[in-house]
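# Residue-level structure breakdown
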Amino acid sequence: MKVLILTSGVPFVRGGAEILADSLQGALCAAGHEAEIVTIPFQSCPPSRIPEQMLACRLLDVTETCGIRIDRVIGLKFPAYLVRHPHKVMWLLHQHRTAYELWEHPAAGDLIHYADGRVVREAIRRVDRGLIPEAKAIYTLSRNVSQRLRRYSGIDSEPLYNPPANATLFYKGPARDYFFFPSRINPLKRQWLVIQALALCREPVQVRFAGEADNEAQQIECMKTVRELRVSDRVEWLGVVSEERKRECYANSVGVIFPPVDEDYGYVTLEAMLSSKPVITCADSGGPLEFVTDSQTGLIAEATPQSLAERMDALWADRPGAAAMGEAGRQRYQDLKISWENVVDKLLC
Amino acid sequence: MAMHGIGKGSSAESRGLRVLIATVRVPFVDGGAEAQAAALRNALVAAGHRAEIVAIPFKWYPPQRILDHMLACRLLDLSATGDRQVDCLIALKFPAYLIPHANKVVWMLHQHRQAYDLWQHPMGDMHKHPHGAEVRDAIRRADVELLPQARHLFTDSRNVADRLQAYCGIEAAPLYHPPPDAPEFYGSAAEDFLYFPSRVNPLKRQRLAIEALGQTRTKVRIRFSGSTMEAGYYESCMTLARRNNVQHRVEWLGKTSEAAKRDAYARSLGVLFPPVDEDYGYVTLEGMLAHKPVITCADSGGPLEFVVHRKTGMICEPTPQALADAMDEVWEDRQSARQWGEAGRQRYSDLRIGWDTVLERLLA
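Residue positions are counted from 1 within each chain, in the order its sequence is given. The order in which chains are written sets their letters, starting at A; the order in which ligands are written sets their numbers, starting at 1. Residues qualify for local features only when their pLDDT is at least 70, as the model is predicted, and side-chain atom pairs are given and counted only at 80 or more; totals for whole chains, interfaces and linings, by contrast, use all residues.

## A short note on the overall build of chain A
- Scanning chain A from terminus to terminus reveals 11 helices and 14 strands.
- Based on C-alpha atoms, the radius of gyration is set beside the globule rule, defined as 2.2 Å times the residue count to the power 0.38. Expected size for 349 residues packed as a compact globule is a radius of gyration near 20 Å; at 21 Å, chain A falls within 12% of this value.
- Dimensions of chain A, computed from the C-alpha atoms along their principal axes, are close to 65 × 50 × 35 Å.
- Here exposure depends only on C-beta density: within 10 Å of a residue's C-beta, 20 or more other C-beta atoms make it buried, 12 or fewer make it exposed, and intermediate numbers make it partly exposed, the C-beta atoms being placed from the backbone. The buried share among the 349 residues of chain A stands at 49%. Only DSSP runs of H or I covering at least 4 residues are called helices, and only runs of E covering at least 2 are called strands; the numbering of each starts at the N terminus.

Written out as structure tokens, the structure is:
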């Protein structure tokens, strides 16, 4: 089959969605199909420009190329998934989140701050409700995304899990004295919360952060918090690391901390499980909660510094317990039978 | 506290510009435009800038679709990415060059030729469509109105600049660029074939070459390479070769690797490149880089900016007989063929075609 993957992107920014699109393309080609990624540039600010970009997507014609039929398109991201095609399947990574669950979020909300933000929000919601059901089948990245789609747009869908990139290369090593927290540094990943928790820990907990800050202001603020709370000697910032180094950091950690705000899916959870490490997450973290079972494959804290500090202390002090939960996580990953073959079968069926 | 450069906007990065290259993409079809966009991006990155390609899907039939895609391009916003501005937009192809930007530089590969030089042309078909004329007018209006909004306007070749002047009254400067992997080309001893590398399609006129083969005095052989994806035309070429009883003198390599292509250039006696009004044409330049004479036609466009008749190749009328005569001459006079090839290589050097020059002018 000739398959197009429809996604939106911000030029110069590469994140999980880009990696997922690449992996999907690879999996489709490995299964003998021809697949290409169409990335429509998307700029969400100012909001008044969003409806025009939605319209732009509706205007593009990808039904054929040079007289040859395109058999299937797979829509991943807003607004690219609005592109019309008689054989469109949705694999929704997420909707435009600040028009939905992040509308009022103090750090992430953006539309809410604009005079026309509410109008744009309603336009986005109307379009999603009306046009997402055009697809022949609707899959999502996770149960969390499916639940939001049900709650806000009244649309049913099926979660379809995918493995992290290079899943087979993760491994388990001896636990050294640190927790690992790999993620882009921004308010939604809540590195701040972990730093505050660190100041409350009784154990000499160490945290190793990897990842890049979304912008300089966030980086500066993060460093300031560390200094103010006098935990400089307890944190390490690795910045951007190679995939190999990342796997090594997972392998040698005591456990992984991943407390984001309502994460769509979260490869970090799965990567930790693949490395046989327990995961500390929060009750409002979304995606990770589909995989972490409290006290069995990790610990679930309330999203407060105190609660998180308690879980960090507990895991730090009980190394045999941490190792056992890590093993259970590895087992759970296996039981889930997450594979690209399954993803491709579902999306093309 | 250990601290290894988290965050973006380090000083090394902030020296360069943030540049987007806007082009269109026909899914699953690779051609010269893709290679040019990628080479431009690589050149920008090598010069210390951040550069990325934005490729808008394009489908040009039925003609009304073109209007939709033009509007889509006008609606996109590439002024900034996230909270950082895009310093420069370099736009290559229609309709992507219609995307608005305060600092847009158009480096036009070509306009939508069906609305211009291919209108009422046997190779075009927009004029046959009931809404063809309206769409043609809309395209021309958009070009005339919106192209002058660019801060600078360049074209790939003199040929494209001349068309833009003739049809739209807009002035633009030709800006040549090297073919991909230009330093990798080499010449070697001539073997018994002429090389014709191009996508197999009517505008490249492989059929003309096969017609000509039927009228040569000598036993000229042609080796063709390039995608045969376009339905019908390749088959018609094969049928014609059999009908003219020259099928044993043609060879079809199909889509080859770049290395195989360079090898074929190097070992050829000469290069055959008789397209219809080509915009620019890497083939000419690649032929020159491989020290080979280039045979082209008087209506071939771009190649005529480089080929000097009987100095670096031959220019003939686009008829089977004239092309047959030119091929015979190169086939028989190996001495001249070799000299013209060497002169072509020298001419390439004299033209100083390079990415340094291109960036200097695009970002001036």
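There's plenty left to go through after this.
## A look at the overall build of chain B
- When helices and strands are counted, chain B shows 12 helices and 14 strands.
- Within chain B, contacts between residues separated by at least 24 positions form 68% of all contacts whose residues are at least 6 apart in sequence. Contact definition: two residues whose C-beta atoms, as placed from backbone geometry, lie within 7 Å.

## Considerations on the domain arrangement of chain A
Residue and element names in this part refer to chain A.
- Residue ranges assigned to each domain were obtained from an automatic or database domain assignment. Here chain A is described as being made up of domain 1 (2-160) and domain 2 (167-336).
- For domain 1 and domain 2, the distance between their C-alpha centroids amounts to 29 Å.
- Taken together, the contacts link 13 residues of domain 1 with 11 residues of domain 2.
- If you list the elements that add at least two residues to the side of domain 1 that touches domain 2, you get β6 (88-94) and α4 (143-153).
- Examining the composition of the side of domain 1 that touches domain 2, we find that three residues originate from one element, α4, more than from any other.

## Some words on the interface of chain A and chain B
- Listed by partner, the interface residues are 39 residues for chain A and 34 residues for chain B.
- At the level of secondary structure, the elements contributing two or more residues to the side of chain A that touches chain B comprise β1 (2-9), β2 (34-41), α2 (50-59), β3 (64-65), α6 (216-228) and β11 (235-237) of chain A.
- With five residues, the single largest contributor to the side of chain A that touches chain B is α2 of chain A.
- Residue composition of the side of chain A that touches chain B, by class: 20 nonpolar, eight polar and 11 charged. For this classification, Asp, Glu, Lys and Arg are treated as charged, while Ala, Val, Leu, Ile, Met, Phe, Trp, Tyr, Cys and Pro are nonpolar and the rest, including Gly, are polar.

## Some points on the packing of helix α3 (residues 64-75) of chain B against helix α4 (residues 132-146) of chain B
Residues and elements named next belong to chain B.
- Here α3 crosses α4 at 25°, and the two axes come no closer than 9 Å. With respect to α4, the axis of α3 lies roughly parallel. When the axes of α3 and α4 are compared, the crossing they make is left-handed. For the pair α3 and α4, contact is made by Gln-64, Ile-66, Leu-67 and Met-70 and by Val-135, Ala-138, Ile-139 and Ala-142, respectively.
- Class assignment of the residues belonging to the contact of α3 with α4 gives a composition of seven nonpolar, one polar and no charged. Inter-axis angles, ranging from 0 to 180 degrees, are taken between N-to-C directions of lines fitted to C-alpha atoms, where helices are fitted over the stretch in contact. Relative orientations are named as follows: roughly parallel for angles under 35 degrees, roughly antiparallel for angles over 145 degrees, roughly perpendicular for angles from 65 to 115 degrees, and oblique for any other angle. Note on convention: near helix rotated counterclockwise from far helix by under a right angle means a left-handed crossing. Clockwise means right-handed.

## Here's the deal with the domain arrangement of chain B
All names here are of chain B.
- Split into domains, chain B comes out as domain 1 (17-175) and domain 2 (182-351).
- Each of domain 1 and domain 2 was reduced to a C-alpha centroid, and the two centroids are 29 Å apart.
- When contributions to the side of domain 1 that touches domain 2 are tallied by element, the ones reaching two or more residues are β6 (104-110) and α5 (158-168).
- The dominant element in the side of domain 1 that touches domain 2, judged by the number of residues it contributes, is α5, at three residues.
- The residue inventory of the side of domain 1 that touches domain 2, partitioned by class, reads three nonpolar, five polar and three charged.

## A look at the sheet that holds β6 of chain A
All names here are of chain A.
- What makes two strands pair is DSSP finding at least two bridges between them. The parallel open sheet is built from six strands, whose spatial order is β2-β1-β5-β6-β7-β8. Only two strands of the sheet have a single neighbouring strand rather than two, namely β2 and β8 (158-159).
- Sheet analysis places β1 next to β2, joined by eight bridges and oriented parallel. Residue pairing for β2: Ser-8 is matched across the bridge by Ile-40.

## Re helix α7 (residues 243-251) of chain A
Residue and element names in this part refer to chain A.
- Along α7, the positions that sit buried rather than exposed are Lys-246, Cys-249 and Tyr-250. Viewed end-on, α7 has its buried residues packed into an arc of 100°, placing them on one side of the element. Opposite its buried face, α7 presents the exposed residues Glu-244 and Arg-245, each directed more than 90 degrees away.
- Buried positions along α7 lie against β9 (179-182), β10 (207-210), β12 (255-257) and α8 (267-274). Along the arc lie the directions from the helix axis toward the C-beta atoms.

## Remarks on the packing of helix α6 (residues 206-213) of chain B against helix α7 (residues 233-243) of chain B
All names here are of chain B.
- Between α6 and α7, the shortest axis-to-axis distance is 9 Å and the interhelical angle comes to 5°. Relative to α7, the element α6 is oriented roughly parallel. Here Gln-206, Arg-207, Ile-210 and Glu-211 of α6 lie close against α7, whose contacting residues are Ser-236, Cys-237, Leu-240 and Ala-241.
- Along the lines of polarity and charge, the residues of the contact of α6 with α7 split into four nonpolar, two polar and two charged.

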